[in-house]
Amino acid sequence: MTQRPSRPLAAPARVIVTRHLMPGVEARMRELFDVVLNEDDAPMSREQLIRAMQDCDVLVPTVTDRIDAAMIAEAGERLGLIASFGAGTEHIDLAVAAARRIIVTNTPGVFTDDTADLTMAGIIGVPRRIREGTALVRRGEWTGWAPSGLLGRKLAGKVLGIIGMGRIGQAVAHRARAFGLEIAYYNRKALPEALERMLGARYVANIDALMAEADILTLHCPLTDETRHLVNARRIALMKPGSSIVNTARGELIDQEALIAALQSGHLAGAGLDVYPDEPNVDPRLIAHPNVMTLPHIGSATAEGREDSGHKVIANIRMWADGHRPPDQVLTALVR
C-alpha cells in the first residue's frame, strides 16, 4: 500500500469525526470536507469505529477512542490519515499505522496553558484543603472561623517536584514560581541552563531523589510502557509524610492502589486528580477521601483551547488532502 495522498485528492476528503466538536470547527469542516459529524456526542463503540475506518479517507478520533492494531488491520484501503483531536497519541497503535502507511497527526501545544492553569488549582487546592472546606460549607456544618480550623500548609518555601519538563511542565514551573515554590524537576535530559534560570528550576537526575524531596509532586510526562505506574508504592514511600500528588497527565502514570493506600494511611495528605486509569470510572475510595480533588478530565476544557485544537485538525487534513506533509504529523521514530 502506498501512503496516500501523494498528490491532491480529486474530490473533497471523506472525513468521519468521532465526537461532537466546537460549532465553529464543525461548520468549517462542512464547508471543506465530505464530513460525517457526531452531533449527539455519544462515544463510538469498537465496531462503529471499525466501520468508520472502512468508510473514510480521514478519521478524527479523540484521546478516548482506542485504536489498536486489530482495528487498523480492518481499516479500508482509502483510510490515509488519522487526525487525532488532542496532544496524546497513546490511544493509537502508531507502529501499525505506520506499517499500513497511515499518517497520524495530533494537536500539540494548544492546551499547554489550560492544563497548567488546572494543575495550579491542584497545587494550591490540596495543601489548602479546598475540597474539604467546600464540602463542609455545602453540608451546612461550618460553625464559623476558628484559630485552628481546617489548617492547611503554605506554599512558599515548599518544593514542587515536576516529572516531565516539556511545554506543560515549564508552564507550571513559570506559574508556581510566583507562589514562592522551589522548583525541582526530572526530565530525560536537563533543560538549557538559561531556561532553568528563567524558570528558577533545578534539575534532579533521579526520579527517586526528586520524590524524596518534593512536598508536592506533579506529573507532566507522556504515557508509555516505561512510564506506566511510574509512581508506584516504593516511590510513594520515599515521599515526605504529609506530601501530595497532582496528576493532570494520564491516570496510568500512577499505581492507583498504591496511591489509595498512601492516602488512607495518611502518608499522603491529599491528591489533585484530573485523570484516572479507567475513565470515566473513578474509584469510590478516591471520591470518599476528604482531601482528594476529583475532577472530570477537564485540563483542556476551555472554549478557546478546544476551538484552536479543532482548527489544527482542519489544517492537518487540508495539508494532507493537498498532497503535503501535515504540520503535526506524529513521527513513530520519535515515540518511546
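Up top you'll find the structure we're talking about.
One structure accompanies this document, and this report is about it. Please read all numbers here as calculations on a predicted model, not as lab measurements.

Calculation notes
Per chain, residues are indexed from 1 in the order of the written sequence. For a predicted model such as this one, the threshold for reporting local features is a pLDDT of at least 70, and the threshold for listing and counting side-chain atom pairs is 80 or more; totals across whole chains, interfaces and linings nevertheless cover every residue. Here the side-chain values reflect all heavy atoms present in the structure, with hydrogen atoms and water set aside. Counting from the N terminus, the helices are the DSSP runs of H or I reaching at least four residues and the strands are the DSSP runs of E reaching at least two. We take the radius of gyration over the C-alpha atoms and set the globule estimate at 2.2 Å times the residue count to the 0.38 power. Between buried and exposed lies partly exposed: a residue is buried under 20% and exposed over 50% of the maximum accessible area for its type, with that area taken using a 1.4 Å probe on protein chains only. It only takes one pair of heavy atoms within 4.5 Å for two residues to be counted as in contact. To measure how exposed things are, a 1.4 Å probe is used in the Shrake-Rupley method; for residues, cover is taken only from the protein chains shown. Residues scored as positive are Lys and Arg, those scored as negative are Asp and Glu, and His as well as the terminal groups of each chain are ignored. By convention, the charge on Lys lies at NZ, on Arg at CZ, on Asp at CG and on Glu at CD. Helices are assigned an expected span. That span is 1.5 Å times one less than the residue count.

### A few points about the overall build of the protein
Of the regular secondary structure elements, the protein holds 13 helices and 12 strands. Taken over the C-alpha trace, the protein has a radius of gyration of 22 Å; the compact-globule value for 336 residues is 20 Å, and the two agree within 12%. For the protein, the spread of C-alpha atoms along the three principal axes comes to 75 × 50 × 30 Å. When burial is assessed residue by residue, the protein has 47% of its 336 residues classed as buried. Looking at the protein alone, contacts between residues at least 24 apart form 62% of all its contacts between residues at least 6 apart. For the protein, the accessible area works out to roughly 16,100 Å², and carbon and sulfur atoms hold 53% of it. A gap of 5 Å separates the mean positions of the 38 positive and 40 negative side-chain charges of the protein.

### Side note on helix α13 (residues 303-321)
Taking 1.5 Å of rise per residue, the 19 residues of α13 would be expected to cover 27 Å, and the 27 Å separating its terminal C-alpha atoms lies within 8% of that figure. When α13 is considered as a whole, its buried residues turn out to be G305, S309, G310, V313, I314, N316, I317, W320 and A321. On its buried side, α13 packs onto β1 (14-17), α1 (23-32), β3 (58-60), β4 (81-83), β5 (103-105) and α5 (112-125). Positive phi appears at G323, one or two residues downstream of α13, with a value of about 90°.

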